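# Tertiary structure, described
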Amino acid sequence: GSILNTAGFDAESGTLLWELPGRPLANFEVGHTRAQGKAAIRELLGLIENFPLDDHSRLVWLSLLFTLASRSIIAGPVPMYVSDAPAGGSGKSLLVEVAHIIATGLPASPTVVPNSDEMRKTLFAAARSGRALLFFDNCDRRSPETDALA
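Reading the values: rules and limits
Residues numbered from 1 in each chain as written. Predicted model: local features only at pLDDT ≥ 70, side-chain atom pairs only at ≥ 80, totals over all residues. Heavy atoms only, no water. Helix = DSSP H or I, 4+ residues; strand = E, 2+ residues; numbered from the N terminus. Buried < 20%, exposed > 50% of the residue type's maximum accessible area, 1.4 Å probe, protein only. Core = buried A, V, L, I, M, F, W, Y, C linked by side-chain atoms within 4.5 Å. Contact = heavy atoms within 4.5 Å. Axes fitted to C-alpha atoms, helices over the stretch in contact; angles between N-to-C directions. Left-handed = near helix turned anticlockwise from the far one by under 90°. Nonpolar A, V, L, I, M, F, W, Y, C, P; charged D, E, K, R; others polar. Patch = residues over 30% accessible without salt bridge, like charges linked within 9 Å, V, L, I, M, F, W, Y side chains within 5 Å. Areas by Shrake-Rupley, 256 points an atom, 1.4 Å probe, with all protein chains shown as cover. Salt bridge = Lys/Arg side-chain N within 4 Å of Asp/Glu carboxyl O. Expected span 1.5 Å × (residues − 1). pLDDT = per-residue confidence, 0-100. Parallel < 35°, antiparallel > 145°, perpendicular 65-115°, else oblique.

## Overview of the overall build of the protein chain
Helix and strand counts for the protein chain come out as 4 helices and 4 strands. Along the protein chain, helices (α) and strands (β) appear in the sequence β-β-α-α-α-β-α-β when read from the amino end. Within the protein chain, the proportion of its 150 residues that are buried is 18%.

And the structure:
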């Protein structure tokens, strides 16, 4: 494989990479060591160290981050992530926001929870488009609108 880190069209991968104003492309180097990879993971996990998460939940967050970052090169389905907490204000939305900003350089945009008739259409349209993130914030799992997520 290769790492595309130069703005423009890459004929080999069929990918167009452009630089957003004020957001320079990262300078990726090839040939990193396993120790450097582990250090990078520790650095990423350090960003969420103050969230009340167990080790399993931290790994799921990393999985979300990597899925968002690589979504454009995955031709098939990707996992659906659902977060739950005993109370509001625990930081679930902020965790999604942090992952999305790292992966895309842009803030996440929560989607309004549609009524139950529109939920399936919303999910289908998002799946067909290959959208990296469909973010429903503060869903009530007991509501008819979220039955389609089950």
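## What about the nonpolar core?
What tends to happen in soluble globular proteins is that the nonpolar side chains get buried as a cluster. Counting residues in hydrophobic clusters, the biggest one holds 14 residues, and the most contacted among them are Trp 61, Leu 65, Ala 99 and Leu 133. Residue assignment for this core shows that the elements contributing at least two residues are helix H2 (55–70) and helix H3 (92–104). Considering each element in turn, this core owes the most residues, 5 residues, to H2. If we skip the residues at most four places from it in the chain, Leu 65 touches Leu 44, Ala 99, Ile 102 and Ala 103.

## Regarding the packing of H2 against H3
When two helices pack together, their arrangement is given by the angle between their axes and by how far apart the axes lie. Orientation of H2 relative to H3, taken along the N-to-C sense of each, is 40 degrees, at an axis distance of 8 Å. For the crossing formed where H2 meets H3, the hand is right-handed. Facing H2, whose interface residues are Trp 61, Leu 64, Leu 65, Leu 68 and Ala 69, H3 presents Leu 95, Val 96, Val 98, Ala 99, His 100, Ile 102 and Ala 103. Taken together, the residues of the contact of H2 with H3 sort by class into 11 nonpolar, 1 polar and no charged.

## Some points on a nonpolar patch on the surface
Residues Phe 9, Leu 16 and Trp 18 make up a contiguous nonpolar surface patch of roughly 400 Å² in combined accessible area. In this structure, Leu 16 sits in strand E2 (residues 15–17).

## Here we look at H2
For H2, which comprises 16 residues, the first-to-last C-alpha distance of 23 Å matches the rise-based estimate of 22 Å (1.5 Å per residue) to within 8%. Restricting attention to buried positions, one finds in H2 the residues Arg 58, Trp 61, Leu 62, Leu 64, Leu 65, Thr 67 and Leu 68. In the core, the buried residues of H2 are packed alongside helix H1 (34–46) and H3.

## Some thoughts on the environment of Leu 62
If you trace the backbone, Leu 62 turns up in helix H2. By relative accessible area, Leu 62 is classed as buried at 6%. Sequence separation of Leu 62 and Ala 99 is 37 residues, and the distance between their C-alpha atoms is 8.1 Å. When residues no more than four places from it in sequence are discounted, the contact partners of Leu 62 are Ile 41, Leu 44 and Leu 45.

## Thoughts on the confidence of the model for the protein chain
Per-residue pLDDT for the protein chain has a mean of 80; in total, 83% of the residues score no lower than 70. At the low end of the mean pLDDT range in the protein chain sits strand E3 (residues 110–111), at 74; at the high end sits H1, at 92.

## Focus on the packing of H1 against H2
At a minimum axis separation of 11 Å, H1 and H2 run at an interaxial angle of 105 degrees. Taken as axis vectors, H1 and H2 run roughly perpendicular relative to one another. Across the interface between the two elements, Ile 41, Leu 44 and Leu 45 of H1 pack against Arg 58, Trp 61, Leu 62, Leu 65 and Phe 66 of H2. Residue composition of the contact of H1 with H2, by class: 7 nonpolar, no polar and 1 charged.

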